[in-house]
Amino acid sequence: MNKLPIYDVVINDEEQGVSFISLVSEPAIQVDWIKLSAEQQINFAADEDKQMLYGPFLIPNKLIYRNSPEMGEYFVRFSEEQIQKIAHKFNADLNSNNLNFDHSNKKVEATVVENWLVDEEYDKSKKFGFDLPKNTWFGGVFVKDKEFWTSEVKTENVKGFSVEVLAELELALKKINKTDMNKTEIKLASATLIDGETTVYFDGELAIGTAIWMDEAMSQPAPDTDHTL
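Small disclaimer: the values here were computed from a predicted structure and weren't measured.

**Structural notes on the overall build of the protein chain**
Move 1: The helix and strand tally for the protein chain stands at two helices and 14 strands.
Move 2: For the protein chain, the computed accessible surface area is about 13,600 Å², with 47% contributed by carbon and sulfur atoms.

**A few points about the nonpolar core**
Generally speaking, nonpolar side chains in soluble globular proteins are found buried as a group.
Move 1: Ile-21, Phe-57, Trp-137, Phe-138, Val-141 and Phe-148 are the most contacted members of the largest nonpolar core, which has 42 residues in total.
Move 2: The element best represented in this core is strand 4 (residues 52–58), accounting for five residues.
Move 3: For Ile-21, the contacting residues outside a window of four places in its chain are Phe-57, Phe-90, Asn-98, Leu-99, Asn-100, Val-112, Trp-137, Phe-161 and Ser-162.

**With respect to helix 2 (residues 146–153)**
Move 1: Those residues of helix 2 lying buried are Phe-148, Trp-149, Glu-152 and Val-153. The buried residues of helix 2 occupy an angular sector of 100° when projected down its axis, which confines them to one face. Facing away from the buried side of helix 2, by more than 90 degrees, are the exposed residues Lys-146 and Glu-147.

**Description of the pattern of salt bridges**
Move 1: Within the structure shown, the criterion is met by five salt bridges.
Move 2: With its nearest N and O atoms 2.7 Å apart, the salt bridge here joins Lys-89 to Asp-93.
Move 3: We classify Lys-89 as partly exposed; its relative accessible area is 22%.
Move 4: Linking Lys-126 and Asp-131 is a salt bridge whose minimum nitrogen-to-oxygen distance equals 3.2 Å.
Move 5: Its relative accessible area of 65% is what places Asp-131 among the exposed residues.

**A closer look at the sheet that holds strand 7 (residues 99–101)**
Move 1: Strand order in this open sheet of three strands is 7-2-10, and the pairing throughout is mixed. In this open sheet, the two strands that pair with only one neighbour each are strand 7 and strand 10 (160–166). Here the average twist between neighbouring strands, direction ignored, is 35°.
Move 2: Bridge analysis of strand 2 (residues 17–24) against strand 7 gives three bridges, and the strand direction is parallel. Bridge assignment links Ile-21 to a residue of strand 7, and that residue is Leu-99.

**Digging into the pairing of strand 9 (residues 137–143)**
Move 1: Of all seven residues making up strand 9, six are buried, and the element is well covered by its neighbours.
Move 2: Taken together, the six bridges between strand 4 and strand 9 define a ladder with antiparallel strand orientation. Looking across to strand 9, one finds that Gly-55 is bridged to Gly-139.
Move 3: Pairing analysis gives seven bridges linking strand 8 (residues 110–117) to strand 9, with the strands arranged antiparallel.

Cut-offs applied
Residues numbered from 1 in each chain as written. Predicted model: local features only at pLDDT ≥ 70, side-chain atom pairs only at ≥ 80, totals over all residues. Heavy atoms only, no water. Helix = DSSP H or I, 4+ residues; strand = E, 2+ residues; numbered from the N terminus. Areas by Shrake-Rupley, 256 points an atom, 1.4 Å probe, with all protein chains shown as cover. Core = buried A, V, L, I, M, F, W, Y, C linked by side-chain atoms within 4.5 Å. Buried < 20%, exposed > 50% of the residue type's maximum accessible area, 1.4 Å probe, protein only. Contact = heavy atoms within 4.5 Å. Arc of directions from axis to C-beta. Salt bridge = Lys/Arg side-chain N within 4 Å of Asp/Glu carboxyl O. Pairing = 2+ DSSP bridges. Axes fitted to C-alpha atoms, helices over the stretch in contact; angles between N-to-C directions.

Below, the structure is given as structure tokens:
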């Protein structure tokens, strides 16, 4: 069972937020982009390649594994509210041309030509084959650098987006009684129910009366009924 603390990413200062979006081989949100090329589009100008990439930048409440010498192993997650704040600030700060390669100093000649928060039941992201939670930050990037497109994108050396965010980490708190104020971290664990398919998540040890959740971000409580392992 996995027992790692969970930290919420929080933007508390005007200087904080996402300044760069990186094109990476292993996106932290574990979702690859969709590549649109001349072979995949309906375009009268058949000799032109749109060189567009579509995919999610941030997904609400998705646990992202981190490991650092200072903090050890832990998870971070972005709430819907924080993602909205990050997306709005990214656009307000005119950062659409700030893209780099694999979190390095190598800038990519590319532009975020459109980005939005997934909201409606039928969202434009579905057109590209995605089924994402509400308030996912989704975008389309035009890669102007043809050499980069040929050497890195078409060869699938890079597969998705990853944000570079300056923010604070706040240790996630579970709902606790006043008599249990010293309990400040969630020890995430999971178990499979008797149907062999349903996985539930909980804090610490599982026993009668333990609060259980339907998602690893512990944002969706399980139905109020008996659950059998």
